[in-house]
Amino acid sequence: FNLTATAERNGLRFITVIMDAETSSSRNADTTNLMNYGFNNYKVVTLYKKGETISNYTFHNAKTENTPIIAKEDITYVTKKNEQPTTMNVTVEITSQEAPINTEDKIGRVIITNPNTGWQTFFNVYSKNNVEKLKFKDIFINYWKALIN
């Protein structure tokens, strides 16, 4: 008897695969035991909530500076319940650096690294706001302001 099962609780999802069990009741018991073990021993830790500012970035030729960079989903990792959450290394890589930028455009990724194990995960990042490109008039005014100061 075979069974593939999935269950989710508090944002934590487990998948079990039982193959070649002798009976359907032993297969079901094994599935239940595995799920219970996972939910009893592991938890989800949230580093950033959906829409929370991860970093700020100033895009090339943008009218504004220090645009908030966000993820469109919670940034999480799984750890054992009895362990203190690890301080993760967070690196933001921006691949779209030139204005204009739309809030729907993927502009890069955030890399979450566990410094103890080297484990990594990646999440797409976006600009929280639309970023307008400087017009020639704006560049001209900024140039003269810089000369005067």
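Residues numbered from 1 in each chain as written. Predicted model: local features only at pLDDT ≥ 70, side-chain atom pairs only at ≥ 80, totals over all residues. Heavy atoms only, no water.

Participant: Is there a simple way to explain the nonpolar core in this structure?
Facilitator: Note on soluble globular proteins: their nonpolar side chains tend to be buried together. By size, the foremost hydrophobic cluster in this structure holds 20 residues, and its most contacted members are F59 and I75. Of all the secondary-structure elements, those providing two or more residues to this core are β3 (42–48), β4 (53–57), β6 (75–80), β8 (106–113) and β9 (120–127). Examining the composition of this core, we find that three residues originate from one element, β8, more than from any other. The residues contacting I75, other than those within four sequence positions of it, are V45, T46, L47, Y48, I54, V110, I112 and F123. (Core = buried A, V, L, I, M, F, W, Y, C linked by side-chain atoms within 4.5 Å. Buried < 20%, exposed > 50% of the residue type's maximum accessible area, 1.4 Å probe, protein only. Helix = DSSP H or I, 4+ residues; strand = E, 2+ residues; numbered from the N terminus. Contact = heavy atoms within 4.5 Å.)

Participant: Looking at this structure, I do not really get the sheet that holds β9. What am I missing?
Facilitator: Strand pairing in a sheet is mediated by backbone hydrogen bonds. Such pairs are either parallel or antiparallel. Taking strand neighbours across the sheet as the criterion, the five strands line up as β4-β5-β9-β8-β7 in an open arrangement whose pairing is antiparallel. Two strands lie at the open edges of the sheet, namely β4 and β7 (89–94), each paired on one side alone. Going across the sheet, the axis of each strand differs from the next one's by a mean of 30°, ignoring polarity. Sheet topology places β7 next to β8; six bridges connect them, and they run antiparallel. By the bridge assignment, E93 is partnered in β8 with R109. (Pairing = 2+ DSSP bridges. Axes fitted to C-alpha atoms, helices over the stretch in contact; angles between N-to-C directions.)

Participant: I would appreciate a short explanation of a nonpolar patch on the surface in the present structure.
Facilitator: On the surface, F136, F140, I141, Y143, W144 and L147 cluster together into a nonpolar patch covering about 690 Å² of accessible area. Structurally, I141 is set in helix α2 (residues 136–148). (Patch = residues over 30% accessible without salt bridge, like charges linked within 9 Å, V, L, I, M, F, W, Y side chains within 5 Å. Areas by Shrake-Rupley, 256 points an atom, 1.4 Å probe, with all protein chains shown as cover. Salt bridge = Lys/Arg side-chain N within 4 Å of Asp/Glu carboxyl O.)

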